[in-house]
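# Summary of structural features
So you can see what is in the structure, the chains are spelled out below.
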Amino acid sequence: MQVLKFGGTSVANADNINKVVTIVKDKIKTGKTIVVVSALGGVTDLLLNAATLAAAGDELYKEKLNIIEQRHIEAVKQLIPVANQSQLLSLVKKACNEIEDICNGIYLLRELTPRSKDRIGSYGEWLSSQIITAKFRSDGFDAIGKDARELITTNSSFTAAEVDFIQTDKTISDYFSGTAASLFIIPGFIAADKNGITTTLGRGGSDYTAAIIASAMNASVLEIWTDVSGMMTADPRLTSNARIIPAISYQEAMELSHFGAKVIYPPTIQPVMSKSIPVWIKNTFAPQDKGTVIESVAKGEGDIVRGISSINTIALISLEGSGMIGIPGFSKRLFEALSSEKINVILITQSSSEHSICVGIDAGSAENAKQAVDAAFANEIALQKVEPLIIEAGLSIVALVGESMKNHTGISGRMFSAMGRNGVNIRAIAQGSSEKNISAVIATKDVRKAINVLHEEFFETTYKQVNLFITGTGNVGAKLLGQLKQQLDFLQQQMNLQVRVVGLSNSRKMRIDEEGIDLGHWKEKLDAGEIASLQGFIDEIVSRNLRNSIFVDITANDKVAGVYDQLLQKSISVVACNKVAASSAYSNYKKLKDLSREFNSQFLFETNVGAGLPVIATLNDLVHSGDRVHQIQAVLSGTLNFVFNNYDGSRLFADVVKQAQEEGYTEPDPRLDLGGTDVMRKIMILAREAGHKIEMDDILNNSFMPAACMQGTVDDFYREMAKEETHFKQLLDKATAAGCKLKFVASFDNGKASVGLQHIDPKHDLYHLYGKDNVVLFYTDRYKEQPLVVKGAGAGAEVTASGVFADIIRASK
């Protein structure tokens, strides 16, 4: 004996019913088969909607009834040969007339009782079972249609009737044991009380019908056929990487179904569990897929966490007050008040101080709960021993489920850490002593992110998804996008990182694509985007709420730097090539650093000093390991080093600077480099990272540039430099005469910082510095006499982009 149940999507129309027939024809070869069917997809909703409209006095209910009739007539005409249609069409028409008569009565009375709801709702399953039985008979199979109301006896709790198992088991056993037929078609969902009045088993009750029959007949197997190939590790609508669970225990399946897994109806498990009957979840539209088996003990190794689920539209209600401490009975009275209003409690948590009790309920019951609880504790509220019930709405529950969790330490820690790193705030926590379930209450807006983060943490050993939002697509930005494109496969295969650029913006256009922007055609995609808006771009990043999000700033724009705080406090990491933030007022710099720590986000700006050189990373390693930095000497401007390495007096100083700009070594305004401002920013950033509070005004700038060169536009700057060639030639000649080279040096010595042009003799560590190279010398407790030296190319779009890339990888980890 085997029992097969087919859901609403499986019997939604004639094409799908034909698929069902094909599956059943194959199954009956192995023995007696009972098929339980749902209503045609969506019909139950249409029936109840029509009844609700009728009760409201809205004649639109007649349109709903017409749709219902046409769908069933169309199914008959497509499934049954013309010669055999007449009797079945008459049956459908008669049933539809009965439905219309009931709705007309509801319309006249303006009243829809639970009993009437059950009567109306029963027609969907009954009609589908009649049509499917007729289909099998027309195909030559001796199928018997049996009304479930003649088999399943319940009490009279309409819309959620409770089964009388003693009577029901006997009736089912007697009927099927005494019938020699090999194929039976039964409508799910419906039953009858002891007086023969129609009842229903609750929404999703067709699964329950199948389980009741399987249990009563000690079936060898129960198969639930639906539109997915089994139970999944998470809702595939929320995470694209959800995968089929091959095997799961009864207890785990009940936990997952209770917490929103829609594949199976929660009560279904109970009747078959007591008989150890295996339950298979199969896909009507992919019958070759293996599916999921639910049994006493899940076979195979499996994962520590079996699945992740969620319940939306939750409200937390909290009863708080100093008068509760040490006084027994408060919990009892709270739950009695909720029970009196038939309010289901989903989650319970209580502080050990006994000062508060927090309960999770359906959000739709929150106001009723408040009225009931406030009334129950009216005396204590009046005496200010207890506060009026507090309601928090807009919440959901996410839950990890798995029997193996009890045998492994640290699961809760991993769960909460993963969500915390991504800015998901946890409002309440619950875990049963069996440790099969760990639940957390979070904001509904964070559910998608939380599910993806947890799925990545516990199931996706292959890779971690990183979502980049990049602003600035100029020289460095374009190089970065090229490097990312080149390394995408390497990052996923070798570093288990799936890096996606989901947002791009420049001064003109912006584009967001959650599936990832094609880096081979990013220019075209961006050009086709919408008009750029900095705040609009930031709002999109925050509202998308994607996991492992990183904002990458490759501009020199102070307005862009001004939005970092909005991102960091949403746990979105910031990688800044832009020096403005790190070199702004110390109070702002500290605020951003504090925000990154407080909200578990990264604020990284390695390329602010030394382009792609690991200058800041090295300094941080020194400080974090307990070393103290006393002195820093550095050539920090690749531009100035390039200029002085290439200026030999044979051509104008202005021409060498122009060359540096054309080759991409200078800031957009070269005066920031030549005037020493950029170097001042860099030494200040290093001093701050070394632990010192320092502002730009604290740095001495021994500028070598004539004042006239620093006025007007960039074009004026070049013209004035050409006029001042004698000045620059004299600087060079003096250094040459002394056997030295000119280097623009930044110094930090025990709290004092300065920048300026210096004569460097051949014995100095800064002497052998060529092209656009930078060098930084750290003198510390550990490196007293011989400094720690970081040296290499300190300018150029390619190396700067690689430095930003390195920060992205750091932030990803």
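In what follows, the accompanying structure is described. Computed from a predicted model, the values in this text were never measured in an experiment.

## Focus: the sheet that holds strand E19 (residues 497-505)
Pairing is mixed in the open sheet, where 7 strands are placed in the order E21-E20-E19-E18-E22-E23-E24. In this open sheet, the two strands that pair with only one neighbour each are strand E21 (530-531) and strand E24 (603-604). As judged from the 2 bridges shared by strand E20 (residues 509-512) and E21, these two strands associate in the antiparallel manner. Directly across from Lys-509, in E21, lies its bridge partner Ile-531. Packed onto the sheet, helix H15 (residues 475-495) meets strand E18 (464-471), E19 and strand E22 (549-553) and runs at close to 155° relative to E19.

## Focus on the environment of Gln-465
With respect to the helices, strands and loops of the structure, Gln-465 is situated in strand E18. Given the relative accessible area of 7%, Gln-465 is considered buried. In contact with Gln-465, not counting residues within four places along its chain, are Glu-456, Gln-498, Arg-500, Arg-547 and Asn-548. A distance of 3.0 Å separates a polar atom in the side chain of Gln-465 from a polar atom in the side chain of Gln-498. A polar contact is formed between the side chain of Gln-465 and the side chain of Arg-500, at a distance of 3.3 Å.

## So, helix H25 (residues 677-689)
Side chains of residues three or four places apart in an α-helix project in the same direction, reflecting 3.6 residues per turn. Taking 1.5 Å as the rise per residue, H25 with 13 residues should run 18 Å; its terminal C-alpha atoms sit 18 Å apart, in good agreement. Most of H25 is tucked away: 11 of the 13 residues are buried. What H25 keeps buried is the set Asp-678, Val-679, Met-680, Lys-682, Ile-683, Met-684, Ile-685, Leu-686, Ala-687, Arg-688 and Glu-689. Where H25 terminates, the next one or two residues include Gly-691, which has phi positive at roughly 105°.

## A short note on the nonpolar core
Formed by 77 residues in total, the largest nonpolar core has its most connected members in Phe-551, Tyr-564, Phe-653, Leu-686, Met-721 and Phe-778. Looking at this core element by element, the count peaks at 7 residues for H25. Those residues within four positions of Phe-778 in sequence are excluded, and the remaining contacts are Val-615, Thr-618, Leu-619, Leu-622, Val-629, Gln-631, Ile-632, Tyr-783, Pro-787, Leu-788 and Val-790.

## A short note on the side chain of Arg-547
By secondary structure assignment, the location of Arg-547 is in the loop between helix H17 (534-544) and E22. Looking at Arg-547, its side chain comes within polar contact range of the side chain of Gln-465, at 3.4 Å.

## Some points on the packing of helix H2 (residues 43-55) against helix H5 (residues 114-138)
Remark: H2 packs on H5, axes separated minimally by 8 Å, with the N-to-C direction vectors making an angle of 150°. With respect to each other, H2 and H5 are oriented roughly antiparallel. Classified by chirality, the crossing of H5 by H2 is right-handed. From H2, Val-43, Thr-44, Leu-47, Leu-48 and Ala-51 reach across to H5, where they touch Lys-117, Ile-120, Gly-121, Tyr-123, Gly-124 and Glu-125. Class assignment for the residues of the contact of H2 with H5 results in 6 nonpolar, 3 polar and 2 charged.

## Points about the side chain of Ser-129
Of note, Ser-129 is situated in helix H5. A distance of 2.7 Å separates a polar atom in the side chain of Ser-129 from the backbone oxygen of Trp-126. Ignoring anything within four residues of it in the chain, the contact list for Ser-129 reads Val-37, Ile-185, Ile-186 and Pro-187.

## Considering the pattern of salt bridges
By the definition in use, this model includes 36 salt bridges. Salt-bridge contacts for Arg-414 lead to Glu-457; the nearest nitrogen and oxygen are separated by 3.1 Å. Taken together, the residues Arg-414 in helix H13 (residues 411-421) and Glu-457 in helix H14 (residues 447-458) connect sequence positions 43 residues apart. Its relative accessible area of 33% is what places Arg-414 among the partly exposed residues. Given the relative accessible area of 27%, Glu-457 is considered partly exposed. With its nearest N and O atoms 2.9 Å apart, the salt bridge here joins Lys-590 to Asp-594. Placement of both Lys-590 and Asp-594 in helix H20 (residues 586-598) is noted, with a separation of 4 residues, approximately one turn of the helix.

## Let's talk about the packing of aromatic side chains
Scanning all chains against the criterion turns up 21 aromatic pairs. On the basis of an interplanar angle of 55° and a centroid distance of 4.9 Å, the ring pair of Phe-603 and Phe-605 is categorised as tilted. Residue Phe-605 is classed as buried on the basis of its relative accessible area of 4%. Relative to Phe-704, the ring of Phe-653 has its centre 6.3 Å away and its plane inclined at 85°; by these criteria the two rings are edge-to-face. With Phe-653 in helix H23 (residues 653-662) and Phe-704 in the loop between strand E26 (699-702) and helix H26 (714-723), the pair connects residues that are 51 residues apart, well separated along the chain.

## Some points on H2
Helix length check: H2 (13 residues) gives 18 Å between terminal C-alpha atoms against 18 Å at 1.5 Å per residue, within 8%. Residues Val-43, Thr-44, Leu-46, Leu-47, Ala-50, Ala-51, Leu-53, Ala-54 and Ala-55 constitute the buried set of H2. Check the buried side of H2 and you find it contacts helix H3 (61-79), helix H4 (85-109) and H5. Gly-57 lies just past H2 and shows a positive phi near 80°.

## Thoughts on the sheet that holds strand E4 (residues 153-154)
Spatial ordering of the open sheet is given by E4-E6-E7, a layout of 3 strands whose pairing is mixed. Single-partner strands in this sheet number two, and they are E4 and strand E7 (198-200). The pairing of strand E6 (residues 190-193) with E7 spans 3 bridges and is antiparallel. Considered in E7, the bridge of Ala-191 is made with Thr-199.

## Here's the deal with the environment of Glu-456
Structurally, the position occupied by Glu-456 is in helix H14. With 217 residues separating them in the primary sequence, Glu-456 and Thr-239 have C-alpha atoms 9.5 Å apart. The contact partners of Glu-456, leaving out residues within four places of it in the chain, are Tyr-463, Lys-464, Gln-465, Arg-547 and Asn-548. Of the polar contacts made by the side chain of Glu-456, one reaches the side chain of Asn-548; its length is 2.8 Å.

Cut-offs and rules
Residues numbered from 1 in each chain as written. Predicted model: local features only at pLDDT ≥ 70, side-chain atom pairs only at ≥ 80, totals over all residues. Heavy atoms only, no water. Pairing = 2+ DSSP bridges. Helix = DSSP H or I, 4+ residues; strand = E, 2+ residues; numbered from the N terminus. Contact = heavy atoms within 4.5 Å. Axes fitted to C-alpha atoms, helices over the stretch in contact; angles between N-to-C directions. Buried < 20%, exposed > 50% of the residue type's maximum accessible area, 1.4 Å probe, protein only. Polar contact = N/O pair within 3.5 Å; in protein donor to acceptor, adjacent residues only side chain to side chain. Expected span 1.5 Å × (residues − 1). Core = buried A, V, L, I, M, F, W, Y, C linked by side-chain atoms within 4.5 Å. Parallel < 35°, antiparallel > 145°, perpendicular 65-115°, else oblique. Left-handed = near helix turned anticlockwise from the far one by under 90°. Nonpolar A, V, L, I, M, F, W, Y, C, P; charged D, E, K, R; others polar. Salt bridge = Lys/Arg side-chain N within 4 Å of Asp/Glu carboxyl O. Phe/Tyr/Trp six-rings, centres within 6.5 Å; stacked < 30°, edge-to-face > 60°.

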